[in-house]
Protein chains: 2
Amino acid sequence: MTANSFHPPERTLMGPGPSDVHPRILEALSRPTIGHLDPVFVGMMEEVKGLLQYAFQTENALTLPVSAPGSAGMEMCFANLVEPGDTVVVCKNGVFGERMKENVERCGGTPVMVEEEWGAPVDPARAEEALKAHPEAKILAFVHAETSTGAQSDAATLAKLARDHDCLTIVDTVTSLGGSPLKVDEWGLDAVYSGTQKCLSCVPGLSPVTFSQRAVDAIQARSTKVQSWFLDLNLVMGYWGSGGGKRAYHHTAPINPLYGLHEALTILQEEGLENTWDRHQRMHEALKAGIEAMGLSFFVEEPHRLPQLNSVTIPAGIDDEAAVRTRLLEQYNLEIGAGLGSMAGKIWRIGLMGHSANPTNILNCLGALEGVLSDMGADITTGKAISAAMAKLG
Amino acid sequence: MTANSFHPPERTLMGPGPSDVHPRILEALSRPTIGHLDPVFVGMMEEVKGLLQYAFQTENALTLPVSAPGSAGMEMCFANLVEPGDTVVVCKNGVFGERMKENVERCGGTPVMVEEEWGAPVDPARAEEALKAHPEAKILAFVHAETSTGAQSDAATLAKLARDHDCLTIVDTVTSLGGSPLKVDEWGLDAVYSGTQKCLSCVPGLSPVTFSQRAVDAIQARSTKVQSWFLDLNLVMGYWGSGGGKRAYHHTAPINPLYGLHEALTILQEEGLENTWDRHQRMHEALKAGIEAMGLSFFVEEPHRLPQLNSVTIPAGIDDEAAVRTRLLEQYNLEIGAGLGSMAGKIWRIGLMGHSANPTNILNCLGALEGVLSDMGADITTGKAISAAMAKLG
């Protein structure tokens with residue numbers, strides 16, 4: 001095989017992530033690589049920690065980006081907090097709750113499942129029932145923003161319930177961080193993981209995490225070693241200087257992706273977290289107006305919808321939904337997401353994440369979708385979506 | 001805290017990695033991000049697999065880059081091949097053999113250690129003794145190129161011994177891949193992991209791995225689940241399309257770092273693997289001539305020295321070796337490596353890896369080192385290093 005340099009097409013990314021990466025972040029990736037123990041790099045790492053504390057709205061000292069994708073951030077939370085024999089109440093309302101169950105089992109723990117219909121939020125009353133029925137439970141785990149459906153759960157209420165039952169929380173915020181309100185300290189979340197390729201608009205490959213002092217105490221009180229060497233927080237803390245004392249070599253940090261994350265978080269700070277949340281909400285309103293003007297409907301009930309991830313029900317007349325996505329990609333360079341797991345063939349997932357949440361993308365998406373759907377014989381209303389969206393964009 | 005965009009200095013990287021990243025690779029990192037399930041991206045992934053097969057000199061179908069640094073590649077090999085109760089003979093002649101032991105233990109295995117002096121290669125006769133004494137052993141694990149000392153072990157001989165005793169091999173090639181001869185199929189290695197930030201001159205954060213059919217058979221015959229969800233090859237194979245069948249979503253691949261790896265491997269293919277190995281050897285000869293002309297000595301005996309990682313004994317007259325490295329970094333923007341573990345304060349590690357292995361770097365390094373060392377009162381010979389190196393460079 002002979003390979004040539006790879007030059008990707010320029011896409012508009014409106015799926016469930018990655019989102020459009022800001023040009024400033026792409027440029028940051030290409031800055032000169034320096035050593036991972038270089039004092040200048042160590043100074044940048046400190047800034048990344050501080051910026052992540054802002055993004056997570058926390059003062060947790062143990063706040064850092066794991067050197068691997070969100071799945072590894074998830075595993076870091078479970079592998080460090082779950083010891084063999086521990087009971088974990090896992091709330092599942094989509095694909096990512098199922099992964100939590102897998103993680104608990106692989107750590108030797110016993111999951112107690114609280115299952116909801118896909119598209120619904122976690123029901124705090126049912127979570128409470130499970131906590132009452134399992135007083136031995138050590139952890140309550142749930143997904144704040146379910147990427148497979150676009151449903152948002154009430155993290156503050158769930159965290160309070162967990163504390164009332166003397167449980168720690170493990171919370172998936174992969175899709176919420178930087179997109180909709182997330183307040184780690186105010187809500188009292190304990191072990192929280194996210195990704196960089198959603199509302200931070202950075203490239204995939206890193207997983208921001210934050211741990212409360214209660215979580216750190218539990219990790220330090222373990223009676224067994226963490227089963228993963230790579231994800232052992234006792235070692236990672238030493239490297240990121242979060243355990244106090246001298247910084248110790250653990251692994252080689254992904255230098256250039258961290259330049260990108262630093263730039264992404266700098267952009268977030270410049271815009272301001274609340275302004276960013278507002279922008280996602282406003283863009284969602286505009287997209288929603290257009291989608292509904294076409295006669296399409298949303299899969300998730302209004303009060304629980306995430307602005308950054310819009311699940312739209314596939315309309316009558318479309319038998320081959322993959323063909324729609326292929327035409328959007330090939331004719332308009334536009335990526336939207338398929339349904340995942342049991343949602344396959346039932347919904348599309350339209351992301352409005354980070355840099356992707358802008359008026360140009362909304363008009364492009366509505367126009368392309370209307371054109372392709374009507375051409376393929378879908379039962380939709382034409383000619384109204386753009387003006388409906390424009391009215392909201394103001 | 002208010003952060004501004006981070007602009008790193010331009011360093012010359014001659015430590016144990018990361019090495020100087022080729023400008024073509026830095027540029028590739030900044031190309032537009034596309035979706036990780038985009039058919040165009042999937043096509044690039046296929047090319048990366050083919051290019052890695054070339055770099056590893058293997059036809060193994062299961063050859064791919066793990067979406068995390070070399071430590072995770074290491075853990076993938078151990079977590080998938082070691083089941084609770086398994087005996088693993090681990091050869092240790094530096095820091096990275098110790099990590100193998102840690103990995104075996106955390107997977108519930110029993111390590112049998114074969115320890116050598118640091119700086120020496122693994123002794124095949126002692127490895128054979130251990131294999132004979134432990135007929136229950138399932139795996140022989142060793143480091144091909146020990147990054148903490150610069151010593152190279154005879155991977156072909158060790159792999160043959162393992163086969164003779166019906167053992168699989170797990171082999172650390174983090175520092176050898178793309179720098180000195182590594183022939184996975186010819187030598188019969190079974191589970192092999194590496195890094196991208198050494199002789200491939202790419203940014204850190206990915207770990208190329210390759211698995212023989214024997215290793216795949218062993219993984220598929222496991223009686224227990226792999227304890228890591230993120231590193232479970234049964235799932236990763238599905239995502240990278242190495243298990244046959246439809247490509248299944250597992251995690252979001254680090255898109256832009258993979259652009260960088262594709263470019264790094266394209267450059268390797270353009271130069272040709274044997275030419276690359278020759279270049280590393282020639283640059284090593286030139287550096288060695290200069291180092292010896294200064295009166296400095298190498299820590300590793302000549303037959304076992306890696307050309308890409310030169311361990312130099314700290315000369316008499318230097319009490320504070322860290323001050324030397326700080327002056328090199330601050331005055332010359334030159335990074336060389338400290339000793340690691342028990343080698344701290346005894347050696348420096350000068351890398352000649354990938355794009356860093358060039359005449360300009362050698363002259364820069366020799367000149368700066370001679371200047372700083374003589375200024376700091378080291379017992380060295382001055383005025384001869386550059387001409388000695390030039391004579392070798394031709």
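Per UniProt, chain A carries the Sequence similarities (unreviewed entry) text "Belongs to the class-V pyridoxal-phosphate-dependent aminotransferase family."

**Q** Please provide a residue-by-residue account of the environment of B:Glu186, values included.
**A** All names here are of chain B. Along the chain, Glu186 turns up in helix α7 (residues 184-187). Judged by relative accessible area, Glu186 falls into the exposed class, the value being 62%. Glu186 sits 30 residues away from Ala156 along the chain, and the two C-alpha atoms are 8.0 Å apart.

**Q** Describe the packing of aromatic side chains, listing the residues and the values that go with them.
**A** Inspection of the entire model under this criterion finds two aromatic pairs over all chains. Taking 5.5 Å as the distance between ring centres and 50° as the angle between the ring planes, the aromatic pair formed by A:Phe6 and B:Tyr259 counts as tilted. With A:Phe6 in the segment before β1 (12-14) and B:Tyr259 in helix α10 (residues 255-271), this residue pair bridges two chains. B:Tyr259 matches A:Phe6 in its accessibility class, with the two residues each being buried.

**Q** Run through the layout of surface pockets, naming residues and quoting values.
**A** What the largest pocket holds in volume is close to 1000 Å³. Lining the largest pocket are 43 residues, and of these A:Leu340, A:Arg349, B:His36, B:Leu37 and B:Tyr249 lie nearest its centre. At the level of elements, α3 (70-81), α4 (95-106), α12 (321-332) and β12 (334-338) of chain A together with α2 (39-56) of chain B are the ones that each hand at least two residues to the lining of the largest pocket. Residue contributions to the lining of the largest pocket peak at six residues, all from α12(A). Looking at side-chain class alone, the lining of the largest pocket contains 17 nonpolar, 15 polar and eleven charged residues. Size it by volume and the second largest pocket reaches roughly 870 Å³. Lining the second largest pocket are 36 residues, and of these A:Leu37, A:Asp38, B:Arg325, B:Ile336 and B:Ala338 sit closest to its centre. Only α2 (39-56) of chain A together with α12 (321-332) and β12 (334-338) of chain B provide two or more residues apiece to the lining of the second largest pocket. Per-element accounting of the lining of the second largest pocket gives the leading share, seven residues, to α12(B).

**Q** I'd love a proper account of helix α11 (residues 273-293) of chain A, names of residues and values included.
**A** Between its first and last C-alpha, α11(A) extends 31 Å over 21 residues, near the 30 Å set by a 1.5 Å rise per residue. In the segment just after α11(A), A:Gly295 is the residue with positive phi, at about 90°.

**Q** Hey, could you go over the interface of chain A and chain B for me, with residue numbers and the actual values?
**A** Facing 73 residues of chain A, the contacting portion of chain B comprises 73 residues. Each partner contributes to the roughly 6200 Å² buried at the junction of chain A and chain B, and carbon and sulfur atoms together form 62% of this total. Considering only the side of chain A, the residues that lose the most area to chain B are A:Phe6, A:Arg106 and A:Trp229, jointly responsible for 14% of the buried surface there. At the boundary of chain A with chain B, the tally comes to six salt bridges. A salt bridge links B:Asp232 to A:Arg106; the nearest nitrogen and oxygen atoms lie 2.8 Å apart. At the junction of chain A with chain B, the criterion picks out 22 residue pairs in polar contact (both at pLDDT 80 or more). Looking at the side of chain A that touches chain B, the elements that each hand over two or more residues are α1 (23-29), α2, α3, α4 and α10 (255-271) of chain A. Taken together, the residues of the side of chain A that touches chain B sort by class into 34 nonpolar, 24 polar and 15 charged.

**Q** Can you explain the side chain of A:Thr210? Please cite residues and give values.
**A** Here A:Thr210 shows up in strand β10 (residues 207-211). Contacts of A:Thr210, omitting those with residues within four sequence positions, involve A:Phe56, A:Thr58, A:Asn60, A:Leu62, A:Thr63, A:Val184, A:Asp190, A:Ala191 and A:Val192.

**Q** Let's hear about the state of the cysteines: which residues, and what values?
**A** Residue and element names in this part refer to chain A. Counted according to the given criterion, the structure contains zero disulfides over all chains. Unpaired in terms of disulfides, Cys202 finds its nearest cysteine sulfur in Cys199, a separation of 13 Å. In this structure Cys202 comes out as buried when scored by relative accessible area, which is 0%. This cysteine, Cys365, is not joined by any disulfide, and Cys199 carries the nearest cysteine sulfur, 16 Å off.

Procedures and definitions
- Residues numbered from 1 in each chain as written.
- Chains lettered and ligands numbered in written order.
- Predicted model: local features only at pLDDT ≥ 70, side-chain atom pairs only at ≥ 80, totals over all residues.
- Heavy atoms only, no water.
- UniProt positions renumbered as here; feature names shortened; annotations may be inferred.
- Helix = DSSP H or I, 4+ residues; strand = E, 2+ residues; numbered from the N terminus.
- Buried < 20%, exposed > 50% of the residue type's maximum accessible area, 1.4 Å probe, protein only.
- Phe/Tyr/Trp six-rings, centres within 6.5 Å; stacked < 30°, edge-to-face > 60°.
- 1 Å grid on protein atoms, 1.4 Å probe; cavity = no way out; pocket = protein on both sides within 12 Å on 5 of 7 lines; lining within 4 Å.
- Points joined across faces, edges and corners; volume = space filled by probe spheres on them.
- Nonpolar A, V, L, I, M, F, W, Y, C, P; charged D, E, K, R; others polar.
- Expected span 1.5 Å × (residues − 1).
- Contact = heavy atoms within 4.5 Å.
- Buried area = accessible area lost by both parts, 1.4 Å probe.
- Salt bridge = Lys/Arg side-chain N within 4 Å of Asp/Glu carboxyl O.
- Polar contact = N/O pair within 3.5 Å; in protein donor to acceptor, adjacent residues only side chain to side chain.
- Disulfide = S-S within 2.5 Å.

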